[in-house]
Amino acid sequence: MLVLGIESSCDETGVALVEVSGAGVPVLRADALHSQIEMHQAYGGVVPELASRDHIRRVVPLAEAVLQRSGVALADIDVVAFTRGPGLAGALLVGAGVACALGAALDKPVLGVHHLEGHLLSPFLSADPPEFPFVALLVSGGHTQLMRVDGVGRYEMLGETIDDAAGEAFDKSAKLLGLGYPGGPALSRLAEQGDPTAFKLPRPLLHSGNLDFSFAGLKTAVLTQAKKLGDELDARKADLAASTQAAIVDVLLKKSLKALEQSGLKRIVIAGGVGANKLLRSEFNAACAVRDVRVHYPELHLCTDNGAMIAMAAAMRLQANVQTASKVYAFDVKPRWPLGDLTA
């Protein structure tokens, strides 16, 4: 079975082809991605209307590139999958419209996929795919969640953010430091030059007794510290960036270790854009090694939004018989769609 996946939830247009063979882990045949970062930099953030228009321009050429790279004819595709939500409404409609039109033209079924489930299952695309069950730390955009994963669609929420997510803490702190867009990667790069112990920043909810997260207070503390520095900020910016990153990673690590302890599991998956952070990977690798815990990540180029994770999530749902693709080509999208509402 060949599954074509289309991702268009925000500022990246992604298309990929995944092949399913028997009960084995689906295999990525080819993928293509276009990032809109350069276009949105002038505005300091994503402009939804511009994002939607750019998806329209990119999606068909990317699909053609994927088919050419994989050596697969359009008629050979068995299922067309697309991101149904969450995300920007206009951007989601582009991917959904193209996928359903393509499915109708080919007389092939289509399947709407949850964007966060795509991130959650993206480590199965790596050279070292995980095995169920595992604890998952999902750190993507506005989402920071810890969950127990027993299989496709079998997710138990253990803890989640009550305000700002980790990704937002990176981005908003970067903006406070004048680092531009996209803020998270810029802050991480600057942090490599700084001292992570230079400033004593809070670790919100670290000793709360539960597995929930809160990063709004950290962002406020970064703002307060930046104001205190005044004219010295430029000289100490790298230290403040390093201290901010250390605080975020410390909370994510310790909460995750607590989740592993409470669940009794010995395997953890880190997924989502923040999962590409070098310090986070280093800290998790070291902590898990001494606890005899296996840790899995997506490949670095698959941490951000991409079509491969959408095709993989669709393929694994179909493979596990937890969802059926349909030849119903009327579609809707879900800009707000909690992962907890997704059923097996």
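As the structure is a prediction and not an experimental result, all values here were calculated from the model.

Examining the overall build of the chain
Scanning the chain for helices and strands turns up ten helices and ten strands. Against the globule reference of 20 Å for 344 residues, the chain gives a C-alpha radius of gyration of 20 Å, in line with a compact fold. Out of the 344 residues in the chain, the part that is buried amounts to 54%. Sequence separation of 24 or more characterises 72% of the internal contacts of the chain that already satisfy a separation of 6 or more. Summed over all atoms, the accessible surface of the chain reaches about 14500 Å², with 52% contributed by carbon and sulfur.

Remarks on the side chain of S140
Among the secondary structure elements, S140 is positioned in strand β6 (residues 134-140). The class for S140 is buried, based on a relative accessible area of 7%. Looking at S140, its side chain comes within polar contact range of the side chain of H119, at 3.3 Å. If we ignore the near neighbours within four places in the chain, the residues touching S140 are H115, L116, H119, G272 and G273.

With respect to the pairing of strand β8 (residues 154-160)
Here strand β7 (residues 143-151) pairs with β8 via six bridges, running antiparallel. Within β8, the residue paired with L146 across the bridge is G159.

What about the pattern of salt bridges?
Under the counting rule described, the total for this entry stands at 17 salt bridges. In this structure, K172 and D164 form a salt bridge, with 3.1 Å as the shortest nitrogen-oxygen distance. Its salt-bridge partner being E261, residue K258 comes within 4.0 Å of it at the nearest N-O pair. On the criterion of helical spacing, the pair formed by K258 and E261 is a turn pair, its members being three residues apart in helix α8 (residues 233-263). Taking the relative accessible area as the measure of exposure, K258 reaches 39% and is therefore partly exposed. On the basis of relative accessibility, which here comes to 59%, the residue E261 falls in the exposed class. Because the salt bridges share partners, they merge into one network encompassing D54, R57 and R58.

Re the state of the cysteines
Going through the model one piece at a time under the given rule, you end up with zero disulfides. Cysteine C288 is unpaired, with the sulfur of C303 as its nearest cysteine sulfur at 16 Å.

Considerations on unusual backbone geometry
For the bond running from G85 to P86, omega is -10°, close enough to zero to count as cis. Positionally, P86 belongs in the loop between β4 (79-85) and α3 (89-106). Residues F132 and P133 are joined by a peptide bond in cis, for which omega reads -5°. Following the sequence through the fold, P133 ends up in the loop between α4 (115-121) and β6.

The rules we used
- Residue numbers run consecutively from 1 along every chain, following the written order of its sequence.
- Per-residue local features of the predicted model are confined to residues with pLDDT of at least 70, and side-chain atom pairs are confined, for both listing and counting, to 80 or more; whole-chain, interface and lining totals are unaffected and use all residues.
- Side-chain metrics rest on all non-hydrogen atoms present in the structure, leaving aside hydrogens and water.
- Helix and strand assignments come from DSSP, with helices taken as H or I runs of at least 4 residues and strands as E runs of at least 2, each series counted from the N terminus.
- Just to be clear, the radius of gyration here is over C-alpha atoms, and the globule rule we use is 2.2 Å times residues to the power 0.38.
- Note on classification: 1.4 Å probe, protein chains only; a residue is buried when its accessible area is under 20% of the maximum for its type, exposed when over 50%, partly exposed between these limits.
- Contacts: residue pairs with any heavy atoms within 4.5 Å of one another.
- All accessibility values rest on the Shrake-Rupley procedure with a 1.4 Å probe; residue burial counts only the protein chains present in the view.
- Pairing of N or O atoms within 3.5 Å defines a polar contact, subject to two protein rules: one partner must be a possible hydrogen donor and the other a possible acceptor, and residues neighboring in sequence count only if both atoms are side-chain atoms.
- Only strands that DSSP links by at least two bridges are regarded as paired with each other.
- Salt bridges are identified by distance alone: a Lys or Arg side-chain nitrogen within 4 Å of an Asp or Glu carboxyl oxygen.
- Any two cysteine sulfur atoms lying within 2.5 Å of each other are counted as a disulfide.

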